[in-house]
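Here's the letter readout for the chains.
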Amino acid sequence: MKLTDRAEEILESMWIAIEEEGQGFADLESLGFAVDDQALEELAALACITVTGNRVQFLPDGRVEGEKTIRRHRLAERLMMDVFNIKGDSAESKACQFEHLLNDGVDTKLCTMLNHPATCPHGKRIPPGDCCEEARNSGDLGVVPLTELKPGEEGAIAYILTEDNKKMQKLMAMGVLPGNSIVLMQSFPSYIFRVGYSEFAIDTAMAREIFVRK
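The rules behind these values
Residues numbered from 1 in each chain as written. Predicted model: local features only at pLDDT ≥ 70, side-chain atom pairs only at ≥ 80, totals over all residues. Heavy atoms only, no water. Axes fitted to C-alpha atoms, helices over the stretch in contact; angles between N-to-C directions. Helix = DSSP H or I, 4+ residues; strand = E, 2+ residues; numbered from the N terminus. Parallel < 35°, antiparallel > 145°, perpendicular 65-115°, else oblique. Left-handed = near helix turned anticlockwise from the far one by under 90°. Contact = heavy atoms within 4.5 Å. Pairing = 2+ DSSP bridges. Buried < 20%, exposed > 50% of the residue type's maximum accessible area, 1.4 Å probe, protein only. Arc of directions from axis to C-beta. Polar contact = N/O pair within 3.5 Å; in protein donor to acceptor, adjacent residues only side chain to side chain. Core = buried A, V, L, I, M, F, W, Y, C linked by side-chain atoms within 4.5 Å. 1 Å grid on protein atoms, 1.4 Å probe; cavity = no way out; pocket = protein on both sides within 12 Å on 5 of 7 lines; lining within 4 Å. Points joined across faces, edges and corners; volume = space filled by probe spheres on them. Nonpolar A, V, L, I, M, F, W, Y, C, P; charged D, E, K, R; others polar.

Caption draft 1: Representation of the packing of helix 4 (residues 60–83) against helix 5 (residues 88–98) in the model. Look at helix 4 against helix 5: their axes get within 8 Å of each other, and the N-to-C directions meet at 130 degrees. Relative to helix 5, the element helix 4 lies oblique. Seen from above, helix 4 lies across helix 5 with right-handed handedness. Residues H73, A76, E77, L79, M80 and M81 of helix 4 pack against A91, E92, K94, A95, C96 and F98 of helix 5.

Caption draft 2: Main features of unusual backbone geometry. Cis geometry is found at the peptide bond from F188 to P189, where omega equals 0 degrees. Within the secondary structure layout, P189 lies in the loop between strand 6 (181–186) and strand 7 (191–195). Not every positive phi belongs to a glycine, and N115 is a case in point at roughly 70 degrees. Positionally, N115 belongs in the loop between helix 6 (106–113) and helix 7 (130–138).

Caption draft 3: Main features of the pairing of strand 9 (residues 210–213). In this sheet, strand 9 lies alongside strand 4 (residues 143–145) in antiparallel orientation, the contact comprising three bridges. The residue of strand 9 that forms the bridge with V144 is V212. As defined by bridge partners, strand 5 (residues 154–160) adjoins strand 9 across four bridges and the pair is classed as antiparallel. Bridged to I160 within strand 9 is I210.

Caption draft 4: Here's a closer look at helix 6. Taken residue by residue, helix 6 has D107, L110, C111 and M113 as its buried positions. Across the axial projection of helix 6, the buried residues extend over an arc of 160 degrees, all falling on one side. Turning to helix 6, the residues buried within the fold contact helix 4, helix 5, helix 7, strand 4, strand 5 and strand 9. Looking at the residues trailing helix 6, positive phi occurs at N115, about 70 degrees.

Caption draft 5: Main features of the side chain of E8. Along the chain, E8 falls in helix 1 (residues 5–20). Residue class for E8 comes out buried when judged on its relative accessible area of 3%. Among the polar contacts made by the side chain of E8, one reaches the side chain of R72 at a distance of 3.1 Å. With near-sequence residues (within four places) excluded, E8 lies in contact with L3, T69, R72, H100 and N103.

Caption draft 6: A look at the sheet that holds strand 2 (residues 49–52). Pairing in this open sheet of three strands is antiparallel, and the strands run 1-3-2 from one edge to the other. Only two strands of the sheet have a single partner each, and these edge strands are strand 1 (26–27) and strand 2. In this structure, strand 1 lies alongside strand 3 (residues 55–58), joined through two bridges in antiparallel fashion. If you follow A26 over to strand 3, its bridge partner there is V56.

Caption draft 7: Molecular detail of the nonpolar core. Of all hydrophobic cores here, the largest spans 21 residues; its most connected members are L110, M113 and Y159. Those elements that provide at least two residues to this core are helix 4, helix 5, helix 6, helix 7 and strand 5. Here the element with the most residues in this core is helix 4; it accounts for six residues. Judged by nonpolar contacts, the second largest core, of 19 residues, contains L3, A17, F33 and I49.

Caption draft 8: Representation of the layout of surface pockets. Estimated volume of the largest pocket: approximately 360 Å³. The wall of the largest pocket is formed by 20 residues, among which K68, R72, L102, N103 and D107 lie closest to the centre. Secondary structure elements with two or more residues in the lining of the largest pocket: helix 4, helix 6 and helix 7. Residue contributions to the lining of the largest pocket peak at six residues, all from helix 4. When grouped by side-chain class, the residues that make up the lining of the largest pocket number six nonpolar, four polar and ten charged.

In structure tokens:
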């Protein structure tokens, strides 16, 4: 179901009020939405919600869409804070913008890249998707730190997760770039890996900051 950004924001606010705070309905005034908001009319026309005065409630399809919307937002928060290292209000603002792009399976790819997180950076639950259940059943963890590979295993570099710019530059100079293939040669006493025709040795702490898609 394709909704406007405003409609998705309403469903997201409703989800928090109704499903997480335990209210039987959402109060439009408390949520900061006007009764004559066109996005409410959009949602009502799609049989997602019912509006009675200032009270708004989910219909079955609306609840499903609300769950998807809150999932996309919290995955976007994890991306901004965990991968892009953007913190505070700036992270929240960018997550709000980015979540609207996570349709048509993009949210599944992001969830897999983030290794199917259960909570957002604030500790709130991320509703699991089908990809999470499939990963648990198959034992496929998706993206893992280099330390999770066994010697001889190969993967594709997904991203580097570090707040240290010098480490980032050092790894990039080694060819540790998203999309490149990496082979773990040795895991003790140091981690030795091969990228292209070159081999490099790094310590455990740095190896944990390289995330690989097996």
